[in-house]
Amino acid sequence: MIDIDLSEQRMQVLDSGAVTHDWPVSTARPGKCTPTGTFTPYLLKREHYSTLYDGAPMPFSIFFSGNYAIHGTTQTDRLGTPASAGCVRLDPENAEVLFNRVREVGKEETRVVIHE
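Residues numbered from 1 in each chain as written. Predicted model: local features only at pLDDT ≥ 70, side-chain atom pairs only at ≥ 80, totals over all residues. Heavy atoms only, no water.

Examining the sheet that holds strand β8 (residues 88-90)
Backbone-to-backbone hydrogen bonds pair the strands of a sheet. The strands run either parallel or antiparallel. Under the convention used in this document: The pairing criterion for strands is at least two bridges between them, as found by DSSP. The helix count covers DSSP runs of H or I at least four residues long, the strand count covers runs of E at least two residues long, and both are numbered beginning at the N terminus. For every element, the axis is a line fit to its C-alpha atoms; helices are fit only across the contacting stretch, and the angle between N-to-C directions ranges from 0 to 180 degrees.
Taken together, four strands build an open sheet; the order of strands is β5-β6-β7-β8 and the sheet is mixed. Across the chains shown, the open sheet's two edge strands, defined by having one partner strand only, are β5 (43-45) and β8. Within the sheet, the average angular offset between the axes of one strand and its neighbour, ignoring direction, is 15°. Taken together, the three bridges between β5 and strand β6 (residues 61-65) define a ladder with antiparallel strand orientation. Bridged to Lys45 within β6 is Ser61.

Here it is as structure tokens:
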């Protein structure tokens with residue numbers, strides 16, 4: 001399970017109920033929206049470039065709802081604060097760890113929970 005707390009700008013990764021990773025994230029900046037709820041990832045893309053935001057790099061993308069994804073960012077200095085257009089941004093090294101774990105476990109066995 002991937003648990004994302006919007007108010008804390010943090011992600012916890014749980015495996016069999018135990019926290020295995022706890023990382024800062026960036027979610028939607030003011031005027032934008034990160035969807036809340038429980039999602040199942042539907043697409044993994046190791047290398048992706050935004051079709052909505054001038055080809056911005058989105059390494060290790062885990063798409064969970066429409067164009068919304070968890071992915072690496074070059075703006076690591078902004079992690080821990082709302083800064084994205086709605087996606088959940090991670091340090092690229094953490095995004096790679098998460099991407100590989102979701103690939104190993106399987107998309108259909110992974111849950112993304114996003115809450116305030």
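Looking at the pairing of β6
In plain terms, the rule: Each residue's exposure class comes from its accessible area (1.4 Å probe, protein chains only) as a fraction of the maximum for that residue type: buried when under 20%, exposed when over 50%, partly exposed otherwise.
The buried count for β6 comes to four of five residues, which makes it a mostly enclosed element. As consecutive antiparallel partners, β6 and strand β7 (residues 68-72) are separated by two residues, and within that stretch Gly66 has a phi angle of approximately 55°, a positive value.

Structural notes on the side chain of Asp3
Heads up, the rule is: Positive: Lys, Arg. Negative: Asp, Glu. His and the chain ends are not part of the count. A carboxyl oxygen of Asp or Glu within 4 Å of a side-chain nitrogen of Lys or Arg is what we treat as a salt bridge. As used in this structure description, the phrase polar contact means that two N or O atoms lie within 3.5 Å; if the pair is within protein, one of them must be able to donate a hydrogen and the other to accept it, and residues adjacent in sequence are counted only when both atoms belong to side chains. Contacts between residues were defined by any pair of non-hydrogen atoms, one from each residue, lying within 4.5 Å.
Structurally, the position occupied by Asp3 is in strand β1 (residues 2-5). Although Asp3 lies buried, it forms no salt bridge, and the closest oppositely charged side chain, Arg10, sits 9.6 Å away as judged by the N-O distance. Among the polar contacts listed, one links the side chain of Asp3 to the side chain of His115, at a separation of 3.1 Å. Sequence-distant contacts of Asp3, defined by excluding residues within four places in its chain, comprise Arg10, Met11, Gln12, Leu14, Val113 and His115.

Here's the deal with the packing of aromatic side chains
Two numbers describe a pair of aromatic rings. These are the distance of the centres and the angle of the planes. Under the convention used in this document: Side-chain rings of Phe, Tyr and Trp, where Trp is taken by its six-membered ring, are said to pair if the distance between their centres is within 6.5 Å; with planes under 30 degrees apart they count as stacked, over 60 as edge-to-face, and otherwise as tilted.
The full count for this structure, using the stated rule, is three aromatic pairs. Ring plane angle 55° and centroid distance 5.2 Å describe the contact between Phe39 and Phe64, whose orientation is recorded as tilted. Separated by 25 residues along the polypeptide, Phe39 in strand β4 (residues 37-39) and Phe64 in strand β6 bring together distant segments of the chain. In terms of burial, Phe39 and Phe64 fall into one category: buried. Relative to Phe99, the ring of Phe60 has its centre 5.7 Å away and its plane inclined at 65°; by these criteria the two rings are edge-to-face. Placement of Phe60 in the loop between β5 and β6 and of Phe99 in helix α1 (residues 92-105) is noted, with a sequence separation of 39 residues between them. An identical accessibility class is assigned to Phe60 and Phe99; each is buried.

Re the pattern of salt bridges
Counted under the stated rule, the structure contains three salt bridges. Notably, a salt bridge pairs Asp22 with Arg10, separated by 2.8 Å at the nearest N-O pair. One end of the pair, Asp22, is in strand β3 (residues 18-24); the other, Arg10, is in strand β2 (residues 10-15), and 12 residues separate them in sequence. Two residues, Asp15 and Arg101, come together in a salt bridge whose shortest N-O distance is 2.4 Å. Pair noted here: Asp15 is in strand β2 and Arg101 is in helix α1, with a separation of 86 residues, a long-range link. Since its relative accessible area comes to 31%, Asp15 is described here as partly exposed. Where salt bridges share partners, they join Asp15, Arg101 and Glu104 into one cluster.

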